[in-house]
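Reading the structure
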Amino acid sequence: MHHLLHNTLYSFFLFFSLDIDSSVQIDPLSLSLSLSLSLSLSHIRSYMAMLLQPRILFAHSRRLRFIPPCCFSPSRSPCAFPASLRAFCVWRDARNRSHHVFLDDNHRPTVIPFARRIGLRFQESGRNRRAKNLSGRRLVSTFATDGLHGERYDVIVVGGGHSGCEAALASARMGASTLLLTLNLDRIAWQPCNPAVGGPAKSQLVHEVDALGGEMGKITDRCYLQKRVLNRSKGPAVWALRAQTDKREYATEMKKVVESTKNLYIREAMVSEVLVGNNDNVEGVRSFFGVNFYAPSVVLTTGTFMNGRIWVGRASLSAGRAGESASQGLTENLRSLGFETGRLKTGTPARVDVRTVDFSKLERQPGDEEVKWFSFDPEAHISREQMCCYLTRTTPETHELIKQNLHETPTYGGWVEATGPRYCPSIEDKIVRFKDKESHQIFLEPEGRTVPELYVQGFSTGLPERLQLALLQTLPGLEKCAMLRPAYAVEYDYLLAHQCNRTLMTKKLEGLFFSGQINGTTGYEEAAAQGLLAGINAAKFSDAKDLVALERESSFVGTLVDDLVTKDIREPYRMLTSRSEHRLLLRSDNADSRLTPLGRTVGLIDDRRWKLFQEKQSRISSEKQRLRTTRISSSDAIAADVAQASEQSITDVVPLAILLKRPHVHYSLLDCHGLGNPELSLEEKECVEIDLKYEGFIIRQQNQLEQMIHRQHRPIPDDLDYYSIKTLSMEAREKLSKIRPINIGQATRVGGVNPADINALLIYLEVQRRQRKDRTIFEASMANPPEESDNMAEQQTIAFMK
Amino acid sequence: MAIRHVLHQAEVHRMRPNFPRNLKLTKLVCGSSKEERAIGVWSTSTSYDTIVAIATPMGNQQGSIAIVRISGPLAVAVVAKYFNSSKKSTSQRQNRWKPKSHFVELGTIVDDAGLIVDEVLVVPMLAPRSYTKEDVIEIQCHGGDVCVRRILHLCLEGGARLAQPGEFTLRAFLNGRMDLSQAESVAQLITAKSIVAAEAALAALQGGLSSFVQAMRKDCLELLAEMDAHLDFEDDIPPLETADVIERINSLCFRVQDSLKTSNRGRLLQSGMQIAIVGRPNVGKSSLLNAWSQSHRAIVTDIAGTTRDIVEAEVVVGGIPVKLLDTAGIRETDNVVEQMGVQRSEAAALGADVVVMVISACDGWTTGDHHIFHKIFSVKNSECAAGVSVTNFTTPWVLVQNKIDQAAEALVPIPDDVKTHFSKFVPTCAIKGIGLHDLEAAVVELVGLGKACSDGRQWAVNQRQAEQLLRARDALERLKESIKQDLPIDFWTIDLREAVIALGQISGDDVSEEVLSNIFSRFCIGK
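Cut-offs used in this document
Residues numbered from 1 in each chain as written. Chains lettered and ligands numbered in written order. Predicted model: local features only at pLDDT ≥ 70, side-chain atom pairs only at ≥ 80, totals over all residues. Heavy atoms only, no water. Helix = DSSP H or I, 4+ residues; strand = E, 2+ residues; numbered from the N terminus. Buried < 20%, exposed > 50% of the residue type's maximum accessible area, 1.4 Å probe, protein only. Contact = heavy atoms within 4.5 Å. Areas by Shrake-Rupley, 256 points an atom, 1.4 Å probe, with all protein chains shown as cover. Patch = residues over 30% accessible without salt bridge, like charges linked within 9 Å, V, L, I, M, F, W, Y side chains within 5 Å. Salt bridge = Lys/Arg side-chain N within 4 Å of Asp/Glu carboxyl O. Pairing = 2+ DSSP bridges. Axes fitted to C-alpha atoms, helices over the stretch in contact; angles between N-to-C directions. pLDDT = per-residue confidence, 0-100. Parallel < 35°, antiparallel > 145°, perpendicular 65-115°, else oblique. Left-handed = near helix turned anticlockwise from the far one by under 90°. Nonpolar A, V, L, I, M, F, W, Y, C, P; charged D, E, K, R; others polar. Core = buried A, V, L, I, M, F, W, Y, C linked by side-chain atoms within 4.5 Å. Phe/Tyr/Trp six-rings, centres within 6.5 Å; stacked < 30°, edge-to-face > 60°. Lys NZ or Arg CZ within 6 Å of the ring centre and 35° of its normal. Expected span 1.5 Å × (residues − 1). Arc of directions from axis to C-beta.

This paragraph deals with the overall build of chain A. What chain A contains, in helices and strands, is 27 helices and 29 strands. Classification of the 802 residues of chain A by burial places 60% in the buried group. Across chain A, contacts joining residues at least 24 apart in sequence account for 71% of those joining residues at least 6 apart. Here chain A displays about 31800 Å² of accessible surface, and carbon together with sulfur accounts for 52% of that area.

Once that is clear, we can look at a nonpolar patch on the surface. All names here are of chain B. On the surface, a nonpolar cluster with roughly 240 Å² of combined accessible area is contributed by Val 104, Leu 106 and Leu 121. If you trace the backbone, Leu 106 turns up in strand β4 (residues 105-110). Taking the relative accessible area as the measure of exposure, Leu 106 reaches 42% and is therefore partly exposed.

Next up on the list: the sheet that holds strand β11 (residues 354-360) of chain B. Residue and element names in this part refer to chain B. Across the sheet, which stays open at both edges, the 6 strands sit in the order β9-β10-β8-β11-β12-β13 with mixed pairing between neighbours. What marks the edges here is a single partner per strand, and that holds for β9 (311-317) and β13 (424-427). On average, adjacent strands in this sheet sit at an angle of 25 degrees to one another, irrespective of strand direction. Bridging between strand β8 (residues 273-279) and strand β10 (residues 320-326) involves 5 bridges; their strand directions are parallel. Looking across to β10, one finds that Ile 275 is bridged to Leu 324. Against the sheet, helix α13 (residues 336-351) makes contact with β8, β10 and β11, and its axis sits at roughly 140 degrees relative to β8, the strand it touches most.

Attention now moves to the confidence of the model for chain A. Residues and elements named next belong to chain A. With 76% of its residues at a pLDDT of 70 or more, chain A shows a mean pLDDT of 79. A low-confidence stretch, residues 1-88 (pLDDT under 50), is modelled with 153 contacts involving residues beyond four sequence positions or located in other chains. Taken as a whole, residues 115-148 scores under 50 in pLDDT and shows 73 contacts with residues more than four places along the chain or in a different chain.

We now examine the sheet that holds strand β22 (residues 389-393) of chain A. Residues and elements named next belong to chain A. Pairing is antiparallel in the open sheet, where 6 strands are placed in the order β21-β22-β23-β24-β20-β25. This sheet does not close on itself; its edge strands, each paired only once, are β21 (363-365) and β25 (483-485). Adjacent strand axes in the sheet meet at a mean angle of 35 degrees, parallel and antiparallel pairs treated alike. Of the strand pairs in this sheet, strand β20 (residues 351-353) and strand β24 (residues 453-457) are connected by 3 bridges, and their pairing is antiparallel. In the strand pairing of β24, Arg 351 is matched with Tyr 455. Packed on one face of the sheet, helix α14 (residues 465-472) meets β20, β24 and β25 and runs near 135 degrees to β25.

On to the packing of helix α6 (residues 162-173) of chain A against helix α9 (residues 247-260) of chain A. All names here are of chain A. Between α6 and α9, the least distance of the axes is 11 Å, while the angle of their chain directions is 25 degrees. In this view, α6 runs roughly parallel relative to α9, as classed from their interaxial angle. Judged by the sense of rotation from one axis to the other, the crossing of α6 with α9 is left-handed. The segment α6 lies against α9, with His 162, Cys 165, Glu 166, Leu 169 and Arg 173 engaging Tyr 250, Met 254, Val 257 and Val 258. Classifying every residue of the contact of α6 with α9 by side-chain character gives 6 nonpolar, 1 polar and 2 charged.

This part is about the nonpolar core. Residues and elements named next belong to chain A. Core analysis: the largest hydrophobic core is formed by 103 residues, its most contacted members being Ile 156, Leu 300, Leu 334, Leu 512 and Phe 514. The element best represented in this core is helix α15 (residues 524-542), accounting for 10 residues. Once residues within four sequence positions are removed from consideration, Leu 334 is found in contact with Val 274, Leu 300, Met 306, Phe 339, Leu 495, Leu 512 and Phe 514.

A separate point is the pattern of salt bridges. Scanning the model with the defined rule gives 68 salt bridges over all chains in all. Overlapping salt bridges, with partners in common, bring together Arg552(A), Asp562(A), Asp563(A), Lys567(A), Glu581(A) and Arg749(A) in one network.

This paragraph deals with the packing of helix α18 (residues 607-629) of chain A against helix α22 (residues 682-693) of chain A. All names here are of chain A. Interaxial distance between α18 and α22 falls to 10 Å at its minimum, and their mutual angle equals 50 degrees. The orientation of α18 with respect to α22, classified from their angle, is oblique. As α18 runs across α22, the sense of the crossing is right-handed. From α18, Lys 616, Arg 619, Ile 620, Glu 623, Lys 624, Leu 627 and Arg 628 reach across to α22, where they touch Glu 684, Cys 687, Val 688, Asp 691 and Leu 692.

Here we come to the packing of aromatic side chains. Within this structure, the stated rule accounts for 15 aromatic pairs over all chains. Considering the side-chain rings of Trp397(B) and Phe422(B), the 5.9 Å spacing of their centres and the 75 degrees angle between planes classify their relative orientation as edge-to-face. Here Phe422(B) lies in the loop between α15 (416-419) and β13 and Trp397(B) lies in strand β12 (residues 397-402), a separation of 25 residues in the sequence. The class for Trp397(B) is buried, based on a relative accessible area of 1%. Note on Phe422(B): relative accessible area 5%, which makes it buried. In this arrangement the basic side chain of Arg700(A) is found over the ring face of Phe697(A), its NZ or CZ atom lying 4.8 Å from the centre. The ring of Phe168(B) has Arg69(B) lying over it, and the distance from NZ or CZ to the ring centre is 4.3 Å.

So, about helix α6 (residues 145-157) of chain B. Residue and element names in this part refer to chain B. Given a rise of 1.5 Å per residue, 13 residues ought to cover 18 Å, and the 18 Å separating the end C-alpha atoms of α6 matches this to within 8%. When α6 is considered as a whole, its buried residues turn out to be Cys 147, Val 148, Ile 151, Leu 152, Leu 154 and Cys 155. Along α6, the residues classed as buried sweep out an arc of 160 degrees about the axis, all on the same side. In the stretch just after α6, Gly 159 is the one whose phi turns positive, near 120 degrees.

This paragraph deals with the pairing of strand β16 (residues 297-300) of chain A. Residues and elements named next belong to chain A. Of the two faces of β16, both are covered, the one formed by Ser 297 and Val 299 as well as the one formed by Val 298 and Leu 300. One ladder, built from 4 bridges, connects strand β7 (residues 155-158) with β16; its direction is parallel. Bridge pairing in β16 places Val 158 opposite Leu 300. Pairing analysis gives 3 bridges linking β16 to strand β27 (residues 512-514), with the strands arranged parallel. By the bridge assignment for β27, Val 299 is matched with Phe 513.

Okay, structure coming up:
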């Protein structure tokens, strides 16, 4: 009987949908699901009636899915639905957001748009075990779980790496009850590759994470072995703080924080399935051992673990990283939910025993004497004794050995196809690609104060283990070294991140977030930055609040996410300085003034931090004012020094701010002559100096940015059908339909879309806008609307489509 | 249905404001499909529909041949409906007409009733090898209003709609056949008033300007990419040679400056040029005007101060339309009328593109000349310094030594401090017509026409393009300054990026609000 009904309805549906728009599809699975529930003939009738009436509505729909009518019985929805309304189907618009369509007694459809429905979530009645703890917090129920047992949370974070920790901490600190699921509780915040944080562009990410109230910077400032500022000569926007950290200490410290955070629960589990509700929303996750955990928001931060496979030479082993089992089943589950996945490769070099290295042959690389900090919170600054890193170089023997054995490496032997990072090449890649270079720098870096391992940076390789030691021993200083761990490559599944919005929530499933290496990035900092954003948004989503998206030009975090969701990433993505077009505005030193207010708004910056922040900002601005108004004359003592440094004499009475603009004149010179402000910290002085010294450039870049924003922030409608714009090239239509950019700026950054396409798109939008304007004026001037258009539903539909 | 009707009504009244509303409504309700298609289709103006227009002038200027041009996916189908090829094979088979691209076919246009409308030549140009990159067919019929209108009407009935002004060019632009600067030059070509102006527009249309600017932009981008690479991958790439960078920037600056030079020419080509003739009374200004314009526009007497008002005459110099302004002789005078004339002379000299100062070769350089020169020159220069002129173009001065037939020497000595301010010295005898060719040649050279033509670069930039070029040049100058001041490499990228943006706005590689509004003002779509 059911089968028959299904077929009838399905063919009916096709018949009518073809009549309306051939792009309407139906999912037979969900149809039969609804039929297995109480679907009567009258339902079918009203369904058809609804299909026939609001043509416009479905002309734009992508996909139509039934939801069982019983799920929306009025008794379950006390908040706002008129009892006479009955939910009938979910309409997905082009942005894949679901809107509910209800029928009233006269079979007239009413559309409850996505945005409003989010606000109309159903109240849960005392079933949740934490309902009492979270006063004022609405807990969100899911439809299909009646009678099923499982723990309920607001947010579930899958994965305990750098992304997972930031996500879980942010979410818990925002008041959401958060469950962190990890494969191994002893490996929380583990640094499986080089235990180093920061470096070019990555340091900006860490500063920004800290400014938003993240944890990474604080832990690094507590656990560093060595700190250096890189790129000192290249301008303040690219100064990069880099810290070597103690990997054991780092993991321990982060774990302490995770364990001691209120609202945050941790549990060992291998997640193998994402539970999906009837509204294409996420409901929770199921573990490999069959336990269900429920939450309206789920953040996946699985790193290299999804179907991870490590390679040493030709030998391979299923593992997320050396010694830890991979996670199985989740990729297949995500793929069955319609997500597109790919495969990437990355690697880590061998570790050598520090006790077998001849340091007399190595060049020492000490840390900076004057230590800088990642965190803007002075309480997190803990001075430590620094350790030394060492520098060695490859020799002709190294190159010879690699050339002879190239066929033994996965890439050149041809048995691993996944793409590795171009920006972090293996030693064989470097030697093949830069044939002319006789020698490459290799850094030896300690992994901890009590760890005998030395990380051999720049020496990752896919050669078999039997050749690795011989290869290491070709390096000066390592002739007699012992290897503690072999180098290996790891292959893993990732999700093409254009399936996410800029909030990192997936476009397909509401409440599901992807963050970290799963999105195709590489690096702890990139992972942490995404984790923080995903955590914030997961908590906001579970609380039915507006999600947060960072503009590309607001921060490196915003740039990172914009790149991820816009570009078709086929190799591990690393943050680079040159990826940001307006980096002079996105400096490390002003990360707090850019982002801390946002951190405060979302609730991650406490009163103490906020007070510190405000005091700092007022000190900086009053100092700038002071420097602009304090004048010196050529007879002052400082004048001679300034003239000497800048090779220009002072002839007039000039304010200090003007002096600072001169080349080679720094704030320290003011300090020498007692003209500095002793109340300011070193960081604050630096901030003042940069702001004044490069004022002209900053203003120019600001102008460029404003022009760009004016141009690029022209929004593109959610439901734009790119295939109907015939002036776009075919490639552009495909790419734009896939990425669905939210504004012109994002559209220009989509690969395969050329300027002519953007011009065509702009013209199309402009024509539409002008026509809409005319239409509105015309409709307003119509004294008597035609009798056919008095249908309420249709009018509502039109208003909604706009 | 109701909604669709509402929309269509809106379209109708937007497109044809004075169309009788009631009539249209009935038609729409009846669903007269042809009308609906011909009018309502504009709502999706950027998608493919088929447009048709008469490409040759209508009305008074009738030719012996007229052309109807039709473009779009239905072009072939529409023409096939009414076209009977004289080639036997096609007419016998009664099959659909299958045109061969770029092959002219003779045949007849036959209307629905089977009556022959005209004998025509059909020129099919199939996509993408056509002006709009769509299927384009040109029907060449006999001239006069009747034939061409009937053919146009048939095409409209066949499913095409009437093209908006400039819509073929708009499609060419939208379909990537030409970039914005090329599309702009189509209009310039059509409206060109002189051969040189047409040549300049044609040169731009052929992509001379775009490829020149694109090449500069590409070089900037390459340099920018190199600098960016040095920020991230210092160790892996060879170091950046500052001397090399400066050399590349200098070359870029030079090229930008070079194209900026054409801007004055472009302006002159479009709007013409004004030449003011100034000097003391009775040195032969009016004679010069008469001789130059080969007319008797100005009254010439031996009495000093004959010319009181400004006398205009039009000539063509080097392809540019030129307005000559003869002015009152400048001197201290008590006559109220003459005083006003003198004021007007000074004003005319200030507004002119070229100032021709006439002195008498008999008298040599007098204090009166000296006085006039300083009075006008100082005012004119201060205006330039204040940035009134966009292109920093200083008005050239030409010194004409008239009445050489009466002078003892060929060239009278001029004080050195004055001499440097004149770009050219031309001896003439206006009454006998001596030296006028030299004068024209001097003017042509001064406004940059001769030079541009000689190096083969015929295009000229317009106002919009000149502004962006100026922006690019300033950015490059700042960049050089930054390098000189030893600022870190990251700062170099800021000004270089500015130059890239500016250049991109000329070629249309970078989309700007201005470009967009330009398109809409030019093609009047969606109004």
